[in-house]
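Fold and geometry: a report
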Amino acid sequence: MSDAKKTPVETDVLIVGAGPAGMAAAIALRRSAPEGAKPRVVVLDKGRSPGSHVLSGAIIDPSGFEGLLSPEEIGKLPVEAHVCKESFRMLFGPRKSLKVPWVPPLMHSRGFPVGSLTKIAAYLCSIAEKEGAEIYTGYAVTELIEENGRIVGARTGEKGVGKDGKPKSNHLPQEEIRAAVTVLAEGGCGILTGKLAEAKGLGGVRRQTYALAIKELIEVPAGTQTAGEVMHTFGYPSADGTYGGGFVYHVSETQVMAGYVYSLDYRRPETDPHLLFRRFKASAAVQKHIAGGKTAAYGAKVIPEGGYYSALKPYFPGCVIVGDAAGLLDSLRIKGVHIALQSGRAAARAILAELKDGRGLETYPELLERTRGWKEIKRVRNVRASFRHGTIPGIIGAGMAWATCGAFPFWRLRGFEKPDSAEMEPLKPGAIEKEAAGAPPASPLSPDRLTDVFMSGTIHDEDQPCHLKILDPAKCAECRGRYGAPCTRFCPAEVYRLEEGRLQIDFSNCLHCKTCKIKCPLENIDWTFPQGGDGPRYTRM
Ligand code: SF4
Ligand code: SF4
């Protein structure tokens, strides 16, 4: 990869992002092509090591591995537990909850592997590498190259630029990669994907809507818990009917993944998702699973929740979009890994046809629609919108979708006419103080945001330009008066804070979750790429 600014790297396929969707495409491309005609596959990922920017629940529907990995490889997935006991609970407050007596079979995941997606992504990378894919981590791809109406490759960002904008002694220039096909596998709210979709009109029929998922790995005393037990919750601490829920997964006898997912179409500017997560952990129903434990790792990311109607058109000449980047998520089960894997395989089929005779890439949307994952997304296409009307209408909508295999309602429910950023209402006097009152005290099981950030392993070279650009500082002054600077609360890494009335940005804490890009009410933040290799260093999320 050296000296490529003068001599571009030439490859058959460039994959941007080494998460499950990108890795499925890489493995399928190398495995499906006949001997002697294997395409060159180059994968670039901005994380420092394979999987280090990947994070999820994660109970994984194993259907995504079928046809991609051998039974032996599936048997070697780096998970320590499979779901053996499952419950759904409605939380009414910190102490009261009710177990849901009956749950549609569609929602069940008994027998599914449960573990760390970071580890699974790294495992998929190792398989792709064995198959001959070239994986380079620590490279942020910052721009696509378009020529004559076709994407023909991409450029990486510079490294070693000081905060004054000048090259340092370790400066590395941009690299150019020319590819017959570029695969965008950036994950949710991908920057390149978003720009391409906007410029080329690839958006779905409905706007995308996101949720912020905050998660910790909690170490609990041996002999107190059962590996494979999982619990899903809804209700408390979501205060105003905003779609949100929590999960507790026992990934081993001594490790619990606890997470809280909160939709970013929330209206109240005083909302602090990290505080909601702490309240969730402090509730009696969750304490039963984590009492006596201590937080050992932390992370956050956004999830595209809009589903079928918000999914992008995933094809543009020279380019396909896979996985979360395309908005492929089952918004009822909040599961996307298996769909990401299936989309990667579908993309590989289209790419091989394209490489053979220059035609075939445009068949990817059709191949995607034939996957089981796409049919799932379609079946629950109105579920997320029905939750816009509250939890009970949402549950009724979900039940009807299940009972009629997605046939009812026949029409497209209204919702998401506005972006998540525009949902925020003006701050009411005293609302911030009221929201913060009664917060659980900081403890090893309930760390504050900065302690959590430390446990994410996030590192950025501080001598580089800030990657979070405020477009118009005057708008921040307006926002402070109208919304009380909500970035100081919605950021799960405390990157934004007010100091003597002025907004300070500690970009080195950034977890790359993209919430600020989505939820700033005045759309005043431009999320650009820090140098490759910086950011979270997840190892077991
Ligand atoms: Fe408000 Fe956005 Fe400025 Fe933060 S960055 S103060 S949310 S306008
Ligand atoms: Fe997420 Fe933005 Fe905060 Fe970074 S600065 S952690 S992208 S909200």
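The structure reproduced in this document is the subject of the present report.

1. Overview of the site of ligand 1
Residues in contact with ligand 1, as listed here, are Ile470, Cys476, Cys479, Ala485, Pro486, Cys487, Leu503, Cys520, Pro521, Asn524 and Ile525. Of the residues in the shell around ligand 1, the class split is 10 nonpolar, 1 polar and no charged.

2. Looking at helix α4 (residues 191-200)
Along an α-helix, residues three or four positions apart point the same way, because every turn accommodates 3.6 residues. Listed as buried for α4 are Ile191, Leu192, Thr193, Leu196 and Ala197. Directly beyond the C-terminal end of α4, a positive phi value near 65° is found at glycine 201.

3. Regarding the state of the cysteines
Following the criterion strictly, the structure yields 0 disulfides and no others. Cysteine 319 forms no disulfide, and the closest cysteine sulfur to it belongs to cysteine 189, at a distance of 16 Å. Here cysteine 466 stays unpaired: no disulfide links it, and the sulfur of cysteine 510, its closest cysteine neighbor, is 8.9 Å away.

4. Considering the sheet that holds strand β17 (residues 294-304)
On the basis of which strands lie adjacent, the open sheet formed by 7 strands has the order β5-β4-β14-β15-β16-β13-β17 and mixed pairing. Sheet topology places β5 (97-99) and β17 at the edges, where each strand pairs with a single neighbour. Pairwise comparison of adjacent strand axes, ignoring direction, gives a mean angle of 20° for this sheet. As paired elements, strand β13 (residues 210-219) and strand β16 (residues 255-263) share 9 bridges and run antiparallel to each other. Within β16, the position partnered with glutamate 216 by the bridge is alanine 258. Of the strands in this sheet, β4 (85-91), β13, β14 (229-235), β15 (244-250), β16 and β17 touch helix α5 (residues 273-282), which is tilted by about 45° from β13.

5. Focus on the environment of arginine 150
With respect to the helices, strands and loops of the structure, arginine 150 is situated in strand β9 (residues 150-156). Residue arginine 150 is classed as partly exposed on the basis of its relative accessible area, which comes to 28%. Along the primary structure arginine 150 and lysine 130 are separated by 20 residues, whereas in three dimensions their C-alpha atoms are 31 Å apart. Ignoring any residue separated from it by four or fewer positions in sequence, one finds arginine 150 in contact with Ile145, Ala180, Phe316, Pro317, Gly318 and Glu354.

What counts and what doesn't
- Residues numbered from 1 in each chain as written.
- Chains lettered and ligands numbered in written order.
- Predicted model: local features only at pLDDT ≥ 70, side-chain atom pairs only at ≥ 80, totals over all residues.
- Heavy atoms only, no water.
- Near = heavy atom within 4 Å.
- Nonpolar A, V, L, I, M, F, W, Y, C, P; charged D, E, K, R; others polar.
- Buried < 20%, exposed > 50% of the residue type's maximum accessible area, 1.4 Å probe, protein only.
- Helix = DSSP H or I, 4+ residues; strand = E, 2+ residues; numbered from the N terminus.
- Disulfide = S-S within 2.5 Å.
- Pairing = 2+ DSSP bridges.
- Axes fitted to C-alpha atoms, helices over the stretch in contact; angles between N-to-C directions.
- Contact = heavy atoms within 4.5 Å.

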